[in-house]
Amino acid sequence: GQQLNQSPQSMFIQEGEDVSMNCTSSSIFNTWLWYKQDPGEGPVLLIALYKAGELTSNGRLTAQFGITRKDSFLNISASIPSDVGIYFCAGQGWDTGNQFYFGTGTSLTVIP
Amino acid sequence: SQTIHQWPATLVQPVGSPLSLECTVEGTSNPNLYWYRQAAGRGLQLLFYSVGIGQISSEVPQNLSASRPQDRQFILSSKKLLLSDSGFYLCAWMMERNTIYFGEGSWLTVV
């Protein structure tokens, strides 16, 4: 199956710092989703994007649907310890039909 | 509101034994349903998806099978488990506006 390229693979940051991560695809997508997963739990949806150029916020989180429709970005401002977890992007497009494909994840560690 | 549940949450099974993981969705009808696996690494691998009762599409040929006997029920099965089947299995469903939600996950350890 398809996999999206997600980077960075892991991040270690100080509490209060901002975080940026991104996903790229070889296919054009119509939908980008961003999730956070805590250990032993299912991923939880953070932000959904449906339009190229769309910029959507959810508290300290902001995500953007790239204008090329082949990438997406997630930013976390002023990180706190509870931001720790693995963040996934997911995309869906004409080439993927009813299926979503997921990035390989970004593991975030916040140092108090 | 819509909810999704899967069980069991944790399972330890010997090699060669059968498997049945069950997922149900409440509060919606005719959802698209999905089974993903998350192995020791972090990636989510799509295993099966279903757009309706009895309709199953397989992404990866393997030791597993899926069935959808009822509109809101999705079952992942195996006749004989392999060590490589160990992992974290996630059921998911899609809402109207192309948004996918996950269940709590099931940990499978094959010993």
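Residues numbered from 1 in each chain as written. Chains lettered and ligands numbered in written order. Predicted model: local features only at pLDDT ≥ 70, side-chain atom pairs only at ≥ 80, totals over all residues. Heavy atoms only, no water.

*Asks:* Which residues make up the overall build of chain B, and what values do they have?
*Replies:* From N to C terminus, chain B includes zero helices and 11 strands. Of the regular secondary structure in chain B, the N- to C-terminal order runs β-β-β-β-β-β-β-β-β-β-β. Taking 13 Å as the expected radius of gyration for a compact globule of 111 residues, we find that chain B reaches 13 Å, a close match to that expectation. For chain B, the spread of C-alpha atoms along the principal axes amounts to about 40 × 25 × 20 Å. Across the 111 residues of chain B, 50% fall into the buried class. (Helix = DSSP H or I, 4+ residues; strand = E, 2+ residues; numbered from the N terminus. Rg over C-alpha atoms; globule rule 2.2 N^0.38 Å. Buried < 20%, exposed > 50% of the residue type's maximum accessible area, 1.4 Å probe, protein only.)

*Asks:* Lay out the environment of Met95(B) with the relevant residues and their values.
*Replies:* Within the secondary structure, Met95(B) sits in strand S9 (residues 87–95). Once residues within four sequence positions are removed from consideration, Met95(B) is found in contact with Gln2(B) and Tyr101(B). (Contact = heavy atoms within 4.5 Å.)

*Asks:* Summarise the packing of aromatic side chains; cite the residues concerned and give the values.
*Replies:* The way to describe two aromatic rings as a pair is by their centre distance and the angle between their planes. Evaluation of the coordinates by the stated rule reveals 11 aromatic pairs over all chains. Ring geometry for Tyr35(A) against Phe102(B): centres 5.4 Å apart, planes inclined by 80°, an arrangement best described as edge-to-face. Of this pair, Tyr35(A) sits in strand S4 (residues 31–37) while Phe102(B) sits in strand S10 (residues 99–102), each in a different chain. You can call Phe102(B) buried: its relative accessible area is 10%. With 5.2 Å between their ring centres and 80° between their planes, Phe102(A) and Tyr36(B) make a pair best called edge-to-face. Within this pair, whereas Phe102(A) is found in strand S10 (residues 101–102), its partner Tyr36(B) is found in strand S4 (residues 32–38), the two belonging to separate chains. Site record: aromatic cluster; members linked through ring pairs are Tyr35(A), Phe102(A), Tyr34(B), Tyr36(B), Tyr49(B) and Phe102(B). (Phe/Tyr/Trp six-rings, centres within 6.5 Å; stacked < 30°, edge-to-face > 60°.)

*Asks:* For the state of the cysteines, give the residues involved together with the corresponding values.
*Replies:* Summed over all chains, the structure comprises two disulfides over all chains. Here Cys23(A) connects covalently by a disulfide to Cys89(A), the sulfurs 1.7 Å from one another. Measuring the twist about the S-S bond at about -85°, one finds the Cys23(A)-Cys89(A) disulfide to be left-handed. Residue Cys23(A) is found in strand S3 (residues 19–24), and its partner Cys89(A) is found in strand S9 (residues 85–92); the two are separated by 66 residues along the sequence. Comparing Cys23(A) with Cys89(A) shows no difference in burial state: the two are buried. Between Cys23(B) and Cys91(B) runs a disulfide, and the two sulfur atoms are separated by 2.0 Å. Looking along the S-S bond of the Cys23(B)-Cys91(B) disulfide, the torsion reads about -75°, which is the left-handed sense. In this pair, Cys23(B) is assigned in strand S3 (residues 19–26) and Cys91(B) in strand S9, connecting sequence segments 68 residues apart. Side by side, Cys23(B) and Cys91(B) carry an identical accessibility label, which is buried. (Disulfide = S-S within 2.5 Å.)

*Asks:* Please set out unusual backbone geometry residue by residue, giving values where relevant.
*Replies:* Here the bond from Ser7(A) into Pro8(A) is cis, since omega is 0°, no more than 30 degrees from zero. Here Pro8(A) shows up in the loop between strand S1 (5–7) and strand S2 (10–14). Residue Pro8(B) follows Trp7(B) across a cis peptide bond; omega there is 0°. Examined against the element boundaries, Pro8(B) turns out to sit in the loop between strand S1 (3–7) and strand S2 (10–13). Here the phi dihedral of Arg69(A) falls at roughly 70°; this positive angle occurs in a residue that is not glycine. Structurally, the position occupied by Arg69(A) is in the loop between strand S7 (61–65) and strand S8 (71–76). For Arg69(A), a relative accessible area of 26% gives the class partly exposed. Of note in the backbone geometry, Asn30(B) takes a positive phi value of approximately 50° without being a glycine. By the secondary structure assignment, Asn30(B) is in the loop between S3 and S4.

*Asks:* So, the nonpolar core: which residues are in play, and what are the values?
*Replies:* Counting residues in hydrophobic clusters, the biggest one holds 21 residues, and the most contacted among them are Trp32(A), Trp34(A), Leu74(A) and Leu108(A). Secondary structure elements with two or more residues in this core: S2, S3, S4, strand S5 (44–49), S7, S8, S9 and strand S11 (106–111) of chain A. With near-sequence residues (within four places) excluded, Leu108(A) lies in contact with Met11(A), Ile13(A), Val19(A), Ile76(A), Asp83(A), Val84(A), Gly85(A) and Tyr87(A). Judged by nonpolar contacts, the second largest core, of 20 residues, contains Leu33(B), Trp35(B), Leu81(B) and Cys91(B). (Core = buried A, V, L, I, M, F, W, Y, C linked by side-chain atoms within 4.5 Å.)

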